[in-house]
Amino acid sequence: MSTRGPGESVRVDAPREQYWVALRNGDRASALDAVKRMHEDGRTHLEIIDEVLVPAQERVAGLWLAGEWSAEQQRLATSINEGLVHWLCSFSPPPPSDRPLVVVATVEREELPALVLAEALGAAGYRTTVAGGDAAAEDLLRQVLTRKPRALLVSVARASSLARLKPLLGHVRATGIPVVAGGAAFGGDPQRATAVGAAAYAASVGDVLALLEQLPRRLPPATPEPPSPADLEAAWLNDFRHEITPYVLRALAARHPAPRRARWWAELEDLVDHVLGCLAASLVTGDETIMVEARDWLTRVLEARGAGADLVAEVWELLAVPLRGHPLARVHLAGSAAPGGATDGGQTDGLTTV
């Protein structure tokens, strides 16, 4: 039984609802006002992040996946959430200067999962800094080498980012700095993390804290291995995604009358590019289930936007054309199109995306 009176319940719940309405409307000022009210009512910054902002972001992701929100609405809401996590983190007392430093990094545009992880680590007494986002991988590597942290924690939400991560982690591992990886991109599979060069995989903040206590301060330096044939094909894919994606769109436009009037067309460029990134990730990890999950995910996204069931098959067919001369990529692509290859691994964009 609650000890809170009816009036108190309204005071607690009203700012949360105000926050969601502000997020839905893309209203930064009202969102900030709602968070300020929650903070003034006595909620700690971590409670607001865990109980309000993170669930709101998951709701945003679900609405986008269901086709109820546009990509632009999702990006704006995510930007508001990220800004308010930054603001709330300013209330955290700095950890003692003698505490270990941990760099929390992401290779993705959206930084929210990395920000939330960094704040949780700060609350546990670690000094943290967030690196990456729009910064180039070389800048992230330079920061790690200059600051020499206790560990590098890599947060990855999208499987399409994994291939870009592998060369970076190879250089970090050469220094002996422990790398811990986590995020929805790994699908709960530690082998994906170790395949891209992480020393360990963490499924939760608790796992991260345990690993920071268990891992040696420095691992034996590992010389980066020469790229394998799969790595070379993945690198080629990432280099030419900007040409392959337009090719697929031009071919689909020629096949479909007035495609620009269809709901699915507006987001198709980003969707195809994401699938290509997943194909590169499948190659560098040797995990063909990434492409099975990507196909399921694309099917759900396109069907929610009114596309016919055969559109995904058309995308797969068109992607195979520029992959001639890249046999491993064609195998991974074809394997995910095999009958019975689908799983229920559709994940949403944002915090939990394929």
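Reading the values: the criteria
Residues numbered from 1 in each chain as written. Predicted model: local features only at pLDDT ≥ 70, side-chain atom pairs only at ≥ 80, totals over all residues. Heavy atoms only, no water. Salt bridge = Lys/Arg side-chain N within 4 Å of Asp/Glu carboxyl O. Helix = DSSP H or I, 4+ residues; strand = E, 2+ residues; numbered from the N terminus. Buried < 20%, exposed > 50% of the residue type's maximum accessible area, 1.4 Å probe, protein only. Pairing = 2+ DSSP bridges. Right-handed = clockwise from strand over helix to strand, strands pointing away. Core = buried A, V, L, I, M, F, W, Y, C linked by side-chain atoms within 4.5 Å. Contact = heavy atoms within 4.5 Å. pLDDT = per-residue confidence, 0-100. Axes fitted to C-alpha atoms, helices over the stretch in contact; angles between N-to-C directions. Parallel < 35°, antiparallel > 145°, perpendicular 65-115°, else oblique. Nonpolar A, V, L, I, M, F, W, Y, C, P; charged D, E, K, R; others polar.

## Here we look at the pattern of salt bridges
Evaluated as defined, the whole model comprises ten salt bridges. A salt bridge links aspartate 139 to arginine 142; the shortest N-O distance between them is 2.7 Å. Of this pair, aspartate 139 and arginine 142 are both found in helix H6 (residues 137-147), three residues apart, which corresponds to roughly one turn of the helix. Note that glutamate 293 and arginine 192 form a salt bridge whose closest N and O atoms lie 3.1 Å from each other. One end of the pair, glutamate 293, is in helix H12 (residues 289-304); the other, arginine 192, is in helix H8 (residues 190-195), and 101 residues separate them in sequence.

## Some thoughts on the pairing of strand E3 (residues 151-155)
Burial analysis of E3 places five of its five residues in the buried class, the great majority of the element. With burial as the criterion, each face of E3 is covered, one bearing Ala151, Leu153 and Ser155 and the other bearing Leu152 and Val154. Relative to E3, strand E1 (residues 101-106) runs parallel, the two sharing four bridges. Residue pairing in the sheet places alanine 105 in a bridge with valine 154 of E3. Two elements, E3 and strand E4 (residues 179-182), share four bridges in a ladder whose sense is parallel. Residue pairing for E4: valine 154 is matched across the bridge by alanine 181. Between the parallel pair E3 and E4, the chain is carried across by helix H7 (residues 162-173), and the sense of this crossover is right-handed.

## Brief notes about the nonpolar core
Leu152, Leu162, Leu165, Phe186, Leu298, Leu302 and Leu319 are the most contacted members of the largest nonpolar core, which has 67 residues in total. Here this core takes twelve residues from helix H11 (residues 265-285), the largest share from any one element. What leucine 302 contacts, discounting residues up to four positions off in sequence, is Trp264, Leu268, Leu271, Ala307, Leu311 and Val312. Core analysis: the next-biggest nonpolar cluster, separate from the first, contains 25 residues, Leu23, Ile48, Leu53 and Val85 among them.

## Quick notes on the environment of alanine 195
The residue alanine 195 is located in helix H8 in this model. By relative accessible area, which is 24% here, alanine 195 ends up partly exposed. Non-local contacts of alanine 195, meaning those with residues more than four positions away in its chain, are made with Lys166, Val284 and Thr285.

## What about the confidence of the model for the protein chain?
When pLDDT is averaged across the protein chain, the result is 88; 90% of the residues are at 70 or more. Within the protein chain, no element has a lower average pLDDT than helix H1 (residues 6-25), which sits at 72, and none a higher one than H11, at 97. Low pLDDT, under 50, characterises residues 1-12; the stretch is placed with five contacts to residues that sit more than four places away or in other chains. Note that residues 340-354 has pLDDT below 50 and, in this model, 58 contacts with residues that lie over four places away or in other chains.

## Some details on the packing of H7 against H11
With their axes 7 Å apart at the nearest point, H7 and H11 run at an angle of 45° to one another. Relative to H11, the element H7 is oriented oblique. Counted together, Leu162, Ala163 and Lys166 of H7 and Ala280, Ala281, Val284 and Thr285 of H11 form the full contact between these two elements. Residues that form the contact of H7 with H11 fall into these classes: five nonpolar, one polar and one charged.

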